[in-house]
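Tertiary structure, described
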Amino acid sequence: MTVTGSAIEAWDTRWATPEGRADWLEPDPDVTALLPQLRARGTRRALDLGCGVGRHALLLAEHGFAVEAIDGSAAGIAYAGEAARARGLALNLHQGEADALPFPDRSFDFVLSWNVIYHGTLGDVGRRLAEIWRVLTPRGLYQGTMLPRRNSNYGQGRLVAPDTFVGVEPRRAHPHCYCDAAALVALFAGFELLSLTQRLHRKPGSWHWHIVAERSPD
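Attention here is on the structure that accompanies the text. (Residues numbered from 1 in each chain as written. Predicted model: local features only at pLDDT ≥ 70, side-chain atom pairs only at ≥ 80, totals over all residues. Heavy atoms only, no water.)

1. A short note on the overall build of the chain
Tallying secondary structure elements over the chain gives seven helices and ten strands in all. Taking 2.2 N^0.38 as the reference for a compact globule, 218 residues should give roughly 17 Å; the C-alpha atoms of the chain span a radius of gyration of 16 Å, in line with that estimate. Dimensions of the chain, computed from C-alpha atoms along their principal axes, come out at roughly 45 × 40 × 30 Å. Taking all 218 residues of the chain together, the buried fraction comes to 51%. Restricting the contact set of the chain to residue pairs at least 6 apart, pairs at least 24 apart contribute 70%. (Helix = DSSP H or I, 4+ residues; strand = E, 2+ residues; numbered from the N terminus. Rg over C-alpha atoms; globule rule 2.2 N^0.38 Å. Buried < 20%, exposed > 50% of the residue type's maximum accessible area, 1.4 Å probe, protein only. Contact = heavy atoms within 4.5 Å.)

2. Things to note about the pairing of strand β3 (residues 92–95)
In this structure, strand β2 (residues 66–71) lies alongside β3, joined through four bridges in parallel fashion. Note that in β3 the partner of E68 across the bridge is N92. Following the chain from β2 across helix α5 (residues 74–87) to the adjacent parallel β3, one finds a crossover that is right-handed. (Pairing = 2+ DSSP bridges. Right-handed = clockwise from strand over helix to strand, strands pointing away.)

3. Let's talk about the state of the cysteines
Disulfide: a covalent bond formed between the sulfur atoms of two cysteine residues. Evaluated as defined, the whole model comprises zero disulfides. C177 takes part in no disulfide bond, and the closest cysteine sulfur, belonging to C179, lies 5.8 Å away. (Disulfide = S-S within 2.5 Å.)

4. Quick word on unusual backbone geometry
Both trends apply: most residues other than glycine have a negative phi, and most peptide bonds are in trans. Its identity as a non-glycine residue notwithstanding, R139 has a phi of 70°, on the positive side. Its location among the elements puts R139 in strand β5 (residues 136–148). Backbone geometry at R202 places phi at a positive 55°, although glycine is not the residue there. Positionally, R202 belongs in the loop between β9 (191–200) and β10 (207–215). R202 gets classed as exposed once you look at its relative accessible area, which sits at 55%.

5. Quick word on the pattern of salt bridges
Going through the model one piece at a time under the given rule, you end up with 13 salt bridges. The salt bridge involving R139 is made with E214; its shortest N-O contact spans 3.1 Å. In this pair, R139 sits in strand β5 while E214 sits in strand β10, placing the two residues 75 residues apart along the sequence. R139 gets classed as partly exposed once you look at its relative accessible area, which sits at 45%. R215 is the partner of D218 in a salt bridge, and the nearest nitrogen-oxygen pair spans 2.8 Å. When salt bridges that share partners are traced, they join R41, R139 and E214 into one network. (Salt bridge = Lys/Arg side-chain N within 4 Å of Asp/Glu carboxyl O.)

Here it is as structure tokens:
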């Protein structure tokens, strides 16, 4: 099974049950906090890359953005579609992977990818950021997360590439890449980093980088 395939299988299992979805239904406060800036910049077209069960895609649609949402999990896409119909929202949903996005160049003013692109090696992350750069308009915004070495899972499990580990729990049985600030700056060479902070997610030790970056001009 590929790196992407193993991650998709894990999330497909989680999204299939109410218990698995329970912690992933509310938008992250940092995503909500960016909405005024998006409106001020005249953002219209948004992509939720790795939308899961649709918590952020639905938020963006509720605030008037034209939203495309993509995820590898059929269960996640199905739930997001049901939620959009129940709320009377328009969402264009796609089942696919982050490594080869099915959109033309410069399709979006904003790309969100929350808890997604670090599933793999540093090289995988770089390829996904190249795809994000490709589909963003010049000066378009990216918002997303990465894992810092401060995260309590760093070093746990089997080392499969530099700073990349496969955990022993079933939900972490695919590669997770961790990086420091210098590595992030290198990864985002085609962007201007506007905000780079660390936030604790839900449980002790679950530190994540929170990133806002502007795509550089061609």
